[in-house]
Amino acid sequence: MSEIPARATGSAYPPDDARDGSVGGDAAGGVPGTPPPGDAMWQSSPPGSIYDYIKVASFSIGPDGLIDQWSLRAEHLFGISADRAVGMDPIEVFIDSDLRERGQRKMAEILDGREWTGVVPFRVPDETCGPRGRRGLAEVYVMPTRTPDGEKAAVCIVVDVRTLRTIETDLAASQAIFSQSPFGFLLIDPDLRVRRANQRFASLFGGTPDDHRGKGVHDYLPRAEADRVSATLRRVLETGDSITDMHVTGFVPGSEERRHWSVNLYRVHSGSGRPIGVAWLGTDITARRAAAREAAAARRNLALLNEAGARIGNSLDLETTARELLDVVVPGFCDLATVDLYQGLLVGDETPHGLADGSAELRRVAYASAVSDAPFLGTGERVAVGAVHHYPFNSPCAVALRTARPRSVPAEEGGLVQSTLAVPMVAHDTVVGLVQFARTKGSEPFGDRDRDLAVELAARAAVCIDNARLYRREHERALILQRSLLPPGDPEASGLDIACRYLPGNAATGRPSEVGGDWFDVIELPGHRTALVVGDVMGRGLRAAVAMGELRTAVRTLAQLDLEPAEVLAQLDEIARGLGAPGGVQQATRAARRPREADLSEVYLATCVYAVYDSVTRRCTFANAGHLPPVLVEPGENALMLDVPPGLPLGVGGEPFEEVEVELPEGALLALYTDGLVESRDHPLDEGLQAFVGALTDPAHAPAHRAETHRDLEDVCDRVLNTLDSHHGEDDIALLMARVQGLPADSVGDWTLPREPRSVGRAREYARAQLLSWDLEPLVDTTELLVSELVTNALRYGEGEIRLRLLLDRTLVCEVWDSGLVQPRRRRARDTDEGGRGLQLVGLLSAAWGSRRTPRGKTVWFELPLPGGETGLTDPAEALLSLF
């Protein structure tokens, strides 16, 4: 420092606008304009030097011990301008009174030519800080010098100790943070080279922190990733925008595992604000990303299971349930999938052959692909949907079926599929089928978590499929039961052409549903009469089907008693109330007379219309129990609903039923039906009835020839079902249609006989003559014998005049009428009895016989099969001998 002049007219610290050039003579020499010795040029410190952080000031002391020069930095440090400071005694101004004596001694030593360095407390006069002023601590460097006159002086360099200690503390803290950070810390210079690295970074990439100096990002990352990171570093360096959580992927030396880091970047500046590089703070997130992937996979799997629970099993159809499974897994879980179910289970077998060893036949019921032109899964030949096949015994699929455990299927070389899982569908410890999940090349192969998910999905679908199978089985059984209770084939009736239809609920839609309680029946009655019945038990399911069967059986039984229609419905009402009572009909009758209790028995309600048609008179008697009215279409007329009093439904009780008798013209069409035909959610009852009547009014339904009547009636049924909304599947549909074809007059023989013994012979003569006119000579002897027996009984036990009637249709019917009310009773005569064998003889020789009440007495009848029929005639001689 001996070269620094004792006096300088300028500041020791040049202004900012002179920093970028040389300092003139005021700053470098004692005399302005005098070049420095040796032509040396002094340069000011560039921005970012240490002096930007350390508060350093200088001033000089003259031979008199007073300040004779005061720099700008001294003004900044002490807060006193040069005008005030020059000429001051630094000891008197800046040193406390108790230290001034010591300070004067040091000053004398300094002016005597001795250097001195030390830490000096000082104060600065400042009114804002009180009478004692502002205090500080400075480290002073005093260097003796001489004036041009040779007098002793001194130059003082002052450093603010507190600022210096703060910097030292900050440097120590920065060093500690940098070296002890658990994150990889880099300082990258503007050339994108590592200026400094911490120990954590060095521990990952090897070597010591100093070994990484001068390296670039291409020394650590793959080329593509390094180019991306370099571009980002340049952008941060240029814009100053920080980057947070930038994901960087690469490898560390000695490992092939791909690592992931989360990097934060921000630009670093010097004390003067000049950018000096980019700070890199990296965190290894490989484990966190793996955990995140696991969590995401778990969430995805859970979402898939939730979706499966919501979408699989909404239908009780096997094929639909299988397709629902594939709709869930493709493409969310796999790219290709198939479902195979055991063929035996599909057709209703409980334990198909080969089920245990996996060799039983399977049917492919569903296939889905997210890849166009993808092959069907399976070994060997491709299996189309709907085809029946089986897997080779040693194939992975067969092993999966045998062991009930999932198996991996090897991928075909050069094929599209790279990973396949064969998962058995197990429900209630029973394998019902196999589902295959496949992923194509480019997708991630199946892992253990995927295998567990596939097993769970297959198990859920298997339970739904097994439930659908059980439901289908029960539904088919109930449907078989219900159909078995309906008339088999095409019913036949005397004087009527019959056509009927029965559609169970959802039969048209293909979805399984509960059976209903709709039924119809055609019952042949004595005298070529026919009972037509249509009914509907309220409710659905097996309960309704069973109740329908009981009511239908009861109707047939009551019809054979030849009761009037109103009486039949009255008896049915009692039976229906008995169905819902634990004690049967008697208990229900007693309960109806008592006040109702809170605990009511199960109630069975039904509607029914019962009609009896006489083919001789073409008159039909109707009785209705809450059912929809019959519809009649007379030839050439519009269809109309018959005004039959509806009455109360069966099972309600308390009200009698009324009868209505209607004469039906030849060729008329009578339709009985249930509400499923004319009512649905989309079509109210009134609208459906009008549509039904309109469909029957079509004149094209009238047959052109009598031979075409039955075919025409079948067409009418089909047309009605196609015209109306009969495919809604909400309820069963029963439709019974009858075309009237009364017996011709020449097929009826009717005579009235007086009550006298000669009437027996006359009856035989009438019968013989009528049978010969009908070309029924083989029946003459048997008919004469039986007519003789019945007329004889009428004379002996009956009352009033006797009426004989012969009716020819599909069989020969003979009726004997009288006014007596006592019904004949058949008994077995003893060997010693002279009489009592007449009715026995009638029973032996006839196909059927019986008696019924009439409004004016009774009718005893018998029926004989016509010659050439399936039932042969009984030999009278053998019948007579069998009596003895």
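Residues numbered from 1 in each chain as written. Predicted model: local features only at pLDDT ≥ 70, side-chain atom pairs only at ≥ 80, totals over all residues. Heavy atoms only, no water.

So, the overall build of the chain
For the chain, the helix and strand inventory stands at 22 helices and 31 strands. Residue burial in the chain is summarised as follows: out of 884 residues, 47% are buried. Here the contacts in the chain between residues at least 6 apart in sequence split such that 60% fall between residues at least 24 apart. When the accessible surface of the chain is summed, it comes to about 44700 Å², and 51% of that surface belongs to carbon and sulfur atoms. (Helix = DSSP H or I, 4+ residues; strand = E, 2+ residues; numbered from the N terminus. Buried < 20%, exposed > 50% of the residue type's maximum accessible area, 1.4 Å probe, protein only. Contact = heavy atoms within 4.5 Å. Areas by Shrake-Rupley, 256 points an atom, 1.4 Å probe, with all protein chains shown as cover.)

Some words on the nonpolar core
Side chains that are nonpolar tend, in soluble globular proteins, to be buried together. In terms of nonpolar packing, the biggest core is built from 56 residues, with W519, L532, L572, Y610 and L736 touching the most fellow members. Counting residues per element, this core draws most heavily on helix α14 (residues 542-560), which supplies eight residues. When residues no more than four places from it in sequence are discounted, the contact partners of L736 are I498, A499, C500, F520, D521, V522, L532, V533, V534, L670, A671 and L672. By size, the runner-up hydrophobic cluster in this structure holds 50 residues, among which are V330, F333, L434 and C464. (Core = buried A, V, L, I, M, F, W, Y, C linked by side-chain atoms within 4.5 Å.)

Considering the sheet that holds strand β24 (residues 659-663)
With antiparallel pairing, the five strands of this open sheet are ordered in space as β18-β19-β20-β21-β24. Of all strands in the sheet, those bounded by a partner on one side alone are β18 (516-525) and β24. This sheet shows a mean twist of 15° between the axes of neighbouring strands, independent of strand direction. The pairing of strand β20 (residues 606-614) with strand β21 (residues 619-625) spans seven bridges and is classified as antiparallel. Along β21, the bridge assignment pairs C608 with A625. Strands β18, β19 (529-540) and β20 of the sheet are contacted by α14, whose axis makes an angle of about 15° with β18. Of the strands in this sheet, β20, β21 and β24 touch helix α15 (residues 565-579), which is tilted by about 25° from β21. (Pairing = 2+ DSSP bridges. Axes fitted to C-alpha atoms, helices over the stretch in contact; angles between N-to-C directions.)

Overview of helix α19 (residues 758-773)
Taking 1.5 Å per residue as the helical rise, α19 with its 16 residues ought to reach 22 Å, and the 23 Å between its terminal C-alpha atoms agrees with that figure. Among all positions of α19, only S759, V760, A763, A767, Q770 and L771 are buried. Axial view of α19: buried residues confined to an arc of 105°, hence all on one face. The outward face of α19, more than 90 degrees from its buried face, is lined by the exposed residues R758 and E765. Of the residues one or two after α19, D775 is the one with positive phi, at around 60°. (Expected span 1.5 Å × (residues − 1). Arc of directions from axis to C-beta.)

Structural notes on unusual backbone geometry
Leave glycine aside and you will find that most residues have negative phi; peptide bonds, for their part, are mostly trans. P331 follows V330 through a cis peptide bond whose omega is 5°. Secondary-structure assignment places P331 in the loop between α10 (318-329) and β11 (336-342). Positive phi values are uncommon outside glycine, yet L192 reaches one of about 60°. By the element assignment, L192 lies in the loop between β6 (184-188) and β7 (194-197).

Digging into the pattern of salt bridges
Under the criterion given, the structure shown has 39 salt bridges. One salt bridge in this structure joins R439 and D450, with 3.2 Å as the shortest N-O distance. Of the two residues, R439 is situated in strand β16 (residues 430-440) and D450 in helix α13 (residues 448-484); the sequence distance between them amounts to 11 residues. As far as the burial class goes, R439 and D450 line up, both buried. Note that D781 and R768 form a salt bridge whose closest N and O atoms lie 3.8 Å from each other. Placement of the pair is D781 in helix α20 (residues 780-797) and R768 in helix α19, with a sequence separation of 13 residues. On the accessibility criterion, D781 (52% relative accessible area) is exposed. For R768, a relative accessible area of 34% corresponds to the partly exposed category. In this structure, a network of salt bridges that share partners links the residues R529, D562, R805, E815 and R852. (Salt bridge = Lys/Arg side-chain N within 4 Å of Asp/Glu carboxyl O.)

Some thoughts on the packing of α19 against α20
Between α19 and α20, the shortest axis-to-axis distance is 9 Å and the interhelical angle comes to 150°. As for how α19 packs across α20, the hand of that crossing is right-handed. Contacts from S759, V760, A763, R764, A767, R768, L771 and L772 of α19 reach α20 at V780, D781, T783, E784, V787, S788, V791, T792 and L795. By residue class, the composition of the contact of α19 with α20 is nine nonpolar, four polar and four charged. (Left-handed = near helix turned anticlockwise from the far one by under 90°. Nonpolar A, V, L, I, M, F, W, Y, C, P; charged D, E, K, R; others polar.)

Points about the state of the cysteines
Evaluated as defined, the whole model comprises zero disulfides. You can see C500 has no disulfide; the closest cysteine sulfur is in C717, sitting 7.4 Å from it. (Disulfide = S-S within 2.5 Å.)

So, the confidence of the model for the chain
With 81% of its residues at a pLDDT of 70 or more, the chain has an overall mean of 81. Contacts of residues 507-512 to residues separated by more than four positions or lying in other chains number nine contacts, the stretch itself having pLDDT below 50. Per-residue pLDDT stays below 50 along residues 699-708; that stretch engages in 15 contacts with residues further than four places along the chain or on separate chains. (pLDDT = per-residue confidence, 0-100.)

Some points on a nonpolar patch on the surface
Nonpolar side chains collect at one region of the surface, where L481, L542 and V546 lie side by side and expose about 220 Å² of accessible area between them. Summarising the element assignment, V546 is placed in helix α14. Of the residues examined, V546 reaches a relative accessible area of 36% and is grouped as partly exposed. (Patch = residues over 30% accessible without salt bridge, like charges linked within 9 Å, V, L, I, M, F, W, Y side chains within 5 Å.)

A few points about the pairing of strand β15 (residues 417-427)
β15 sits mainly inside the fold: nine of its 11 residues count as buried. In terms of strand pairing, strand β14 (residues 407-409) meets β15 through three bridges, oriented antiparallel. Among the inter-strand pairings, S408 is bridged to a residue of β15, identified as L421. In sequence, β15 turns back onto β16 through a hairpin of two residues, with H428 there showing a positive phi of about 55°.

Topic: the sheet that holds β16
Strand order in the open sheet made by the six strands is β13-β12-β11-β16-β15-β14, with antiparallel pairing throughout. For this open sheet the edge positions go to β13 (388-389) and β14, each flanked by a neighbour on one side alone. Packing of α10 onto the sheet brings it into contact with β11, β12 (362-369), β15 and β16, and relative to β12 it is tilted by some 30°. Here helix α12 (residues 396-403) sits on the sheet and contacts β11, β12, β14, β15 and β16; the angle it forms with β14, its principal contact strand, is near 170°.

A short note on helix α9 (residues 286-311)
For α9, with 26 residues, the first-to-last C-alpha span of 36 Å sits near the 38 Å given by 1.5 Å per residue. One or two residues past the end of α9 sits G313, with phi positive at roughly 95°.

Concerning the packing of α9 against α10
In contact at an axis separation of 10 Å, α9 and α10 are set at 155° when each is read in the N-to-C sense. Our classification of the angle between α9 and α10 gives roughly antiparallel. At the point where α9 passes α10, the crossing takes the right-handed sense. Contact residues: L304, E307, A308 and R311 in α9; E324, D327 and V328 in α10. For the contact of α9 with α10, a count of residues per class yields three nonpolar, no polar and four charged. (Parallel < 35°, antiparallel > 145°, perpendicular 65-115°, else oblique.)

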